[in-house]
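# Overview (structure and organization)
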Amino acid sequence: MLADVRFALRLFARNPLFTAAIVLVLGLSVGASTTVFGLVDAYLLKPLPFREPDRLVAIWRMSRGRLGTNPFSGPDYLDVAEQAKSFAHIAALSSTGLNLAGAGDAPPEHVSGTVVTAGFFSIFGANAALGRTFTADEDRPGRDQVVVLSDALWRRRFNADPGVIGRTVTFDGEPHQIVGVMPASFAVPNNLWSSRRAEFWLPAALNRENAGARESHSWNVLGRLAPGASLAAADAELRGIARRLELAYPNSNADKVFYGISLQDHLASSIKPTLTILFAATLLLLFIASANVALLLLARATAREGEVGVRAALGASKPRLVRQFLVESTLLALLGGLAGFAFSFAGTSFTAAGFRDAAYAAHALRPDGRVLLFALLLASVAGLGFGLAPAFRASKARLYELLKEGAARSTSSGQRRRLQAALLVAEVALSAVLLAGSAAVARGFYQTLTQPMGFSTEGVLTFTLRLPHTRYKTTESVHAFHDGLLDKLRALPSVTSVGAANFIPLAGGNNDRLFSIEGRPPTVFSESPDAESQRVSGDYFQTLGIALRKGRLLTAADREGSAPVVVVDEALVQRYFAGEDPLGKRIKWWGEGQPWREIVGVVAPVRYDPWTPELRPTFYIPYAQEPNPLLGVTFVVKTGSSSPAALANAARQAVAQLDTELPIVELKTFDAVAGESVADRRFTLLLVSAFALSALVLTALGLFGLVSYQTRRRSRELAVRMALGAAAGDVVRLVLRDTSRLLVAGLLLGLPAAFLAGRLLAAKLEAVPPTDPLTLAATALVLGVVALAAVLAPARRAAKTPPALVLRDE
């Protein structure tokens with residue numbers, strides 16, 4: 001075996017270009033597979049970095065028969081916490097964003113955190129790196145002015161000072177005593193839907209008196225299974241609790257089910273389909289690369305037939321010859337695997353940036369020992385696969401065929417040609433699958449970007465402000481600030497209109513509310529119609545270019561004391577007022593003291609999520625008519641200049657003139673918001689397209705290499721044909737005819753597989769349409785053109801070779 005290894009290394013050294021080409025092709029394909037495996041490992045395979053992670057459970061609420069991840073109301077959570085015996089610890093959490101007051105040279109900033117109930121840290125089995133976590137006594141009203149900091153916030157704002165324990169910090173104007181700092185490894189999202197890490201934790205102080213209504217749902221729920229309890233038993237217990245609450249509170253809990261799911265499965269659910277598809281694409285690319293390398297090795301094995309014949313004549317057995325070829329291919333594969341692992345460092349940096357906000361990763365995204373082992377294992381399997389072809393050929397060859405005079409110039413045996421043809425057909429078929437899949441993703445992406453969104457992002461600057469309730473305690477003070485800021489922004493040079501809302505399209509916010517329609521039979525809470533609720537002020541519709549379809553828009557006259565009004569969109573009209581004129585109709589949403597609001601206008605529907613096929617019904621109410629002031633507001637400023645970003649400093653100054661302690665959040669152009677909303681899909685498209693392009697290039701190289709090799713092997717035959725009167729065009733057509741047969745065979749296998757793969761892709765990824773006949777036809781056309789370009793050069797070169805030059809040695 002060592003002799004075989006030494007001989008293989010000498011062979012590689014004598015053929016450096018050949019060796020480098022194979023290592024590069026393998027390295028790139030193994031590197032792509034290894035990079036995606038690193039993502040799969042971090043997101044899907046590695047256990048969460050907490051004690052007994054398999055016992056962590058996310059608890060959700062859904063409507064019966066419709067799987068969903070809906071939050072709990074405060075009272076429902078308290079009932080579950082009291083009645084569920086399958087959990088050793090159970091806790092509720094809700095994300096929040098607060099303004100951290102400036103200190104020293106540090107300006108005030110808006111930070112994301114989580115409000116949690118007692119037991120939250122016990123669920124994860126996590127202890128503070130400095131100080132402690134919350135006690136049960138601190139999770140009560142009046143005792144909750146404490147805070148635990150994340151390692152990141154501690155280092156950024158407090159310079160990793162170990163003396164922060166006991167110090168007081170101010171969030172939204174309220175002092176909180178720092179009681180602990182969590183370790184860097186405790187990097188958890190601020191809620192169970194988000195990829196954003198929590199930077200601090202506050203006690204929820206949730207009890208029966210302040211839990212709110214059962215119709216108000218804002219709490220995520222986590223649990224740790226009790227010793228001996230199973231997830232199935234806990235799930236059954238949760239469903240039983242939901243049935244009891246349904247009987248006790250039919251208006252709010254009718255048709256509602258509680259269920260539990262592994263926390264790791266939940267956190268990975270959003271990115272699992274994408275990673276599965278990308279991993280499958282990289283494996284297809286690896287198979288194509290392996291077939292390509294097998295073709296190269298087959299060609300070289302043919303050139304080495306004289307060497308193999310001498311070895312056999314000197315007593316080498318067929319197993320010994322097979323072993324030599326397998327050792328060579330395995331060494332090449334291992335070199336390719338090491339190169340692939342090296343490439344994966346760059347690939348991981350690239351893909352980690354692209355997937356940073358796509359989902360929650362429990363571990364750092366970097367190549368490690370597991371990734372290296374995977375790369376070597378993958379390369380070894382590939383090496384065994386593409387090494388079998390020349391080894392099989394060596395084991396079947398007869399000694400007299402290998403040593404006979406002129407063997408090097410004889411035409412390829414039928415067996416060898418069939419093997420080469422099979423490899424090339426497989427390449428074409430797999431390339432068709434990758435190309436068609438890439439085309440489907442691209443078509444879905446294009447359709448998403450070109451579909452009517454109902455608004456315009458051009459020339460709009462956006463930013464968010466959150467007023468601290470300690471300094472803005474009354475409705476009048478909140479409205480005065482917002483009205484004053486709207487006036488200052490309108491006065492800025494080049495500003496044409498300004499508006500504000502509780503959230504804007506594409507930014508990921510939502511506020512779904514149930515409502516009633518006047519004159520319709522009364523229904524229970526769970527059967528009420530629902531829609532997105534937007535609270536807007538200023539020229540919100542004009543700023544975003546939301547078109548008026550009927551009636552009027554909201555105006556400054558729609559304030560407190562005036563008749564309650566509402567503007568609805570066409571999606572709401574089509575769903576709840578089909579065939580009716582909605583103007584003059586009245587609606588109101590659930591809750592005590594809510595007034596009937598007259599519909600005064602209908603606007604174009606707005607697509608808040610570009611990847612959701614159907615439009616969400618939406619209604620807009622005047623900000624000034626809501627009795628409860630909205631502390632968090634997003635402003636939109638439209639400018640007539642070509643660069644809305646140039647208004648950023650002016651917007652900051654306008655805010656500072658009203659409140660110097662108020663930080664601005666997410667100050668960016670609306671075009672940037674739109675770009676971020678499609679960034680993860682754009683990145684997926686980029687990767688799939690890169691894999692498809694690589695497959696196309698490899699297939700072209702495989703065709704070029706095979707045709708070049710076969711025309712050289714058939715040079716005597718082609719020369720005889722030309723000597724007997726065949727024209728150059730006849731030779732070219734002969735070569736193209738043989739190649740077209742392989743191409744057609746590959747397409748006949750690949751296109752049905754591409755059709756099925758497209759159906760699977762559409763089922764896994766939203767907004768990706770199934771593969772249609774047009775896409776399949778385009779795939780076949782692209783492959784046909786590339787194949788023609790790849791084989792035309794060697795075919796024409798063979799046709800231009802003078803017959804006398806080939807036959808003079810005969």
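Predicted model, so just to flag it, every value in this text is computed and none were measured. (Residues numbered from 1 in each chain as written. Predicted model: local features only at pLDDT ≥ 70, side-chain atom pairs only at ≥ 80, totals over all residues. Heavy atoms only, no water.)

## Section: the pairing of strand S15 (residues 512–517)
Two elements, S15 and strand S16 (residues 530–538), share 3 bridges in a ladder whose sense is antiparallel. The residue bridging Asp512 from the neighbouring strand is Glu532, located in S16. Pairing of S15 with strand S19 (residues 586–589), which is carried by 3 bridges, proceeds in the antiparallel orientation. From the neighbouring strand, Ser516 faces S19, where its bridge partner is Lys588. (Pairing = 2+ DSSP bridges. Helix = DSSP H or I, 4+ residues; strand = E, 2+ residues; numbered from the N terminus.)

## Comments concerning the nonpolar core
Residues Leu285, Phe386, Leu434, Phe691, Leu747 and Leu783 are the most contacted members of the largest nonpolar core, which totals 79 residues. Among all residues touching Leu434, those that are not within four sequence positions of it are Ala281, Leu284, Leu285, Ile288, Phe691, Ala692 and Ala695. Listed in part, the 29 residues of the second largest apolar core include Phe121, Ile123, Met182 and Tyr259. (Core = buried A, V, L, I, M, F, W, Y, C linked by side-chain atoms within 4.5 Å. Buried < 20%, exposed > 50% of the residue type's maximum accessible area, 1.4 Å probe, protein only. Contact = heavy atoms within 4.5 Å.)

## Re the confidence of the model for the protein
With 89% of its residues at a pLDDT of 70 or more, the protein has an overall mean of 83. Between the elements of the protein, mean pLDDT differs from a low of 52, seen in helix H13 (residues 399–403), to a high of 96, seen in strand S7 (residues 146–149). Considering only residues more than four positions removed or in separate chains, one finds that residues 405–412, a stretch of pLDDT under 50, has 13 contacts. (pLDDT = per-residue confidence, 0-100.)

## Comments concerning the pairing of S19
In summary, the side chains of a regular strand alternate between the two faces of the sheet. Here S19 shows a clear split, with Ile587 and Trp589 buried on one side and none of Arg586 and Lys588 buried on the other. Here S19 runs beside strand S20 (residues 597–603); their pairing, made up of 2 bridges, is antiparallel. Looking across to S20, one finds that Arg586 is bridged to Glu598.

## Brief notes about helix H6 (residues 231–248)
Its 18 residues place the ends of H6 26 Å apart at the C-alpha level, agreeing with the 26 Å of an ideal helix rising 1.5 Å per residue. Taken together, the buried residues of H6 touch strand S1 (56–63), helix H3 (74–83), strand S4 (87–100), strand S11 (217–225), helix H7 (250–253) and strand S12 (256–262). (Expected span 1.5 Å × (residues − 1).)

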